[in-house]
Amino acid sequence: MSEVKIAAETRTEFGKGAARRIRREDKVPGVLYGHGSDPLHLTLPGHALLMALRTPNVLIALDIDGKANELAIPKSVQRDPLKGFLEHVDLLLVKRGEKVTVEVPVQTEGELAPGGYLLEHVLNALPVEAEATHIPESVTVSVEGLEAGASILAKDITLPKGTTLAVDEDAVVLQVLAAQAEEAPEGEEAAEEEAAEA
């Protein structure tokens, strides 16, 4: 699990105007909360945060005003729907050795059996409980040779040591579907038959 160091500053200005000013300086407003402490409003460097968030469930080592060091994981990230830049981030305070519940991306490897089958991701991410400093970046599942009707349940996925499921073990994660041939609407079929008879 990667740990990224980011320097953050506490902020005292709130509201849309203050948030816009922060974003103009290529920074991102955020809130750090957890462990029963009061929420701490922060300003984070935009580019460094964007790079860190490329890793799912990244562990962020915050250097706050050069005085306090805290560990956090991203809990909620708001992006501009059109331009994609970061608008706001909620960070959850964590401690080394503490267990946290997160969603880990599910990746697949291998090829389905021949026959034009479709793989449906019922869960794109698997809810797991892991130590805050040892959150897996993803879990990989083999779909080699699977045919229509096959499914992979949460309990079938091998998890890294120290990681446990935070979802029903019989929850379907992936399933294989038969590809369906496109059917012409009924009206079109009748028109084609009439044209053939004429």
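Cut-offs used in this document
Numbering of residues starts from 1 in every chain and runs along the sequence as written. Restriction of local features to residues with pLDDT of at least 70 applies here, the model being predicted, together with a cutoff of 80 or more for giving and counting side-chain atom pairs; totals for whole chains, interfaces and linings are based on all residues. Values reported for side chains reflect all heavy atoms of the structure, with hydrogen atoms and water molecules removed beforehand. Think of it this way: DSSP has to see at least two bridges between two strands before they count as a pair. The helix and strand labels rest on DSSP assignments: H or I over at least four residues marks a helix, E over at least two residues marks a strand, and numbering proceeds from the N terminus. Helix axes are fitted only over the stretch in contact, all axes being lines through C-alpha atoms; the angle between N-to-C directions runs from 0 to 180 degrees. Here, residues are in contact when the closest pair of their heavy atoms is within 4.5 Å.

Caption draft 1: Structural context of the sheet that holds strand 1 (residues 3-10). Taken in spatial order, the six strands close into a barrel running 1-3-2-6-5-4, and their pairing is mixed. The average undirected angle you get between the axes of adjacent strands in this sheet is 45°. Of the pairings in the sheet, the one linking strand 1 to strand 4 (residues 59-64) comprises six bridges and is parallel in character. Residue pairing in the sheet places Lys-5 in a bridge with Ala-61 of strand 4. The strands that helix 1 (residues 16-24) touches are strand 2 (27-34), strand 3 (37-45) and strand 6 (86-94); relative to strand 2, the one it contacts most, it runs at about 120°.

Caption draft 2: Expanded view of the sheet that holds strand 10 (residues 139-142). Across the sheet, which stays open at both edges, the four strands sit in the order 10-7-9-12 with mixed pairing between neighbours. Both outer strands of the open sheet, strand 10 and strand 12 (164-165), are each paired with one neighbouring strand and no more. Pairing geometry for strand 7 (residues 99-109) and strand 9 (residues 125-131), over seven bridges, is antiparallel. When the bridges of strand 9 are listed, Val-104 appears paired with Leu-126.

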